[in-house]
Amino acid sequence: MSTHRIVSIEKGKPRGSRHEVIVGVTTGLTPDEMQHWTLKTVLQAMNQAERFYTEAPNGRRARVQRYDCLPCRSEHIRTHISDGAIHEMRNLPAR
């Protein structure tokens with residue numbers, strides 16, 4: 001099982017949707033470590049016990065979780081519901 005720090009996000013609107021969701025992320029801290037993940041590859045990795053998180057300026061980690069979006073009837077990712085006060089993933093820089 002690996003753990004990946006998300007450093008930026010990519011937002012987009014799913015087909016037929018009126019709202020934005022996270023459609024991709026970048027992990028890693030150095031240029032050699034940086035990797036772009038699509039939403040699909042993040043979800044697949046999570047199925048294989050890979051874990052993702054963001055880090056607040058004070059060093060605290062906020063877990064990332066999958067969720068079912070009712071308006072677009074698709075699965076997406078967000079900051080874990082219990083960790084939103086630590087660090088909100090939607091506040092990361094956009095890619």
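Structure report, in brief. It should be emphasised that the depicted structure is a prediction, and the values quoted were computed from it without experimental measurement. (Residues numbered from 1 in each chain as written. Predicted model: local features only at pLDDT ≥ 70, side-chain atom pairs only at ≥ 80, totals over all residues. Heavy atoms only, no water.)

## Let's talk about the overall build of the protein
In terms of helices and strands, the protein carries 1 helix and 6 strands. Reading the protein from its N end, one meets helices and strands in the order β-β-β-α-β-β-β. Its C-alpha atoms give the protein a radius of gyration of 13 Å, near enough to 12 Å, the size a compact globule of 95 residues would have. Its C-alpha atoms put the protein at 35 × 30 × 25 Å along the principal axes. Buried positions account for 41% of the 95 residues belonging to the protein. Summing over all exposed atoms, the protein offers an accessible surface of approximately 6,100 Å²; the carbon and sulfur share of this is 46%. Averaged over its 15 positive side-chain charges, the protein has a centre that lies 7 Å from the centre of its 10 negative ones. (Helix = DSSP H or I, 4+ residues; strand = E, 2+ residues; numbered from the N terminus. Rg over C-alpha atoms; globule rule 2.2 N^0.38 Å. Buried < 20%, exposed > 50% of the residue type's maximum accessible area, 1.4 Å probe, protein only. Areas by Shrake-Rupley, 256 points an atom, 1.4 Å probe, with all protein chains shown as cover. Lys, Arg positive; Asp, Glu negative; His and termini not counted. Charge placed at Lys NZ, Arg CZ, Asp CG, Glu CD.)

## Details of the environment of I9
Residue placement: I9 occurs in strand β1 (residues 3-12). We classify I9 as buried; its relative accessible area is 0%. Separated by 27 residues in the primary sequence, I9 and H36 have C-alpha atoms spaced 9.3 Å apart. If we skip the residues at most four places from it in the chain, I9 touches I22, G24, V25, M89, R90, L92, P93, A94 and R95. (Contact = heavy atoms within 4.5 Å.)

## Some words on the pairing of strand β5 (residues 61-69)
Summarising the sheet, strand β4 (residues 51-55) and β5 pair through 3 bridges and their orientation is antiparallel. Bridge assignment links E55 to a residue of β5, and that residue is R61. Linkage of β4 to β5, two consecutive antiparallel strands, is achieved through a turn of 5 residues, within which G59 is found at a positive phi near 90°. One ladder, built from 6 bridges, connects β5 with strand β6 (residues 74-79); its direction is antiparallel. Paired with V64 across the strands is T79, a residue of β6. Between β5 and β6, which pair antiparallel one after the other, the connecting turn spans 4 residues, and R73 there sits at a positive phi close to 55°. (Pairing = 2+ DSSP bridges.)

## Describing the sheet that holds strand β3 (residues 35-38)
Strand order in the open sheet formed by 6 strands is β3-β2-β1-β4-β5-β6, with mixed pairing between adjacent strands. Of all the strands in the sheet, just β3 and β6 have a single pairing partner and so form its edges. Strand-to-strand twist in this sheet, taken as the mean axis angle between neighbours without regard to direction, amounts to 45°. Relative to strand β2 (residues 21-27), β1 runs antiparallel, the two being bridged by 6 bridges. Across the sheet, G12 pairs through a bridge with V21, a residue of β2. (Axes fitted to C-alpha atoms, helices over the stretch in contact; angles between N-to-C directions.)

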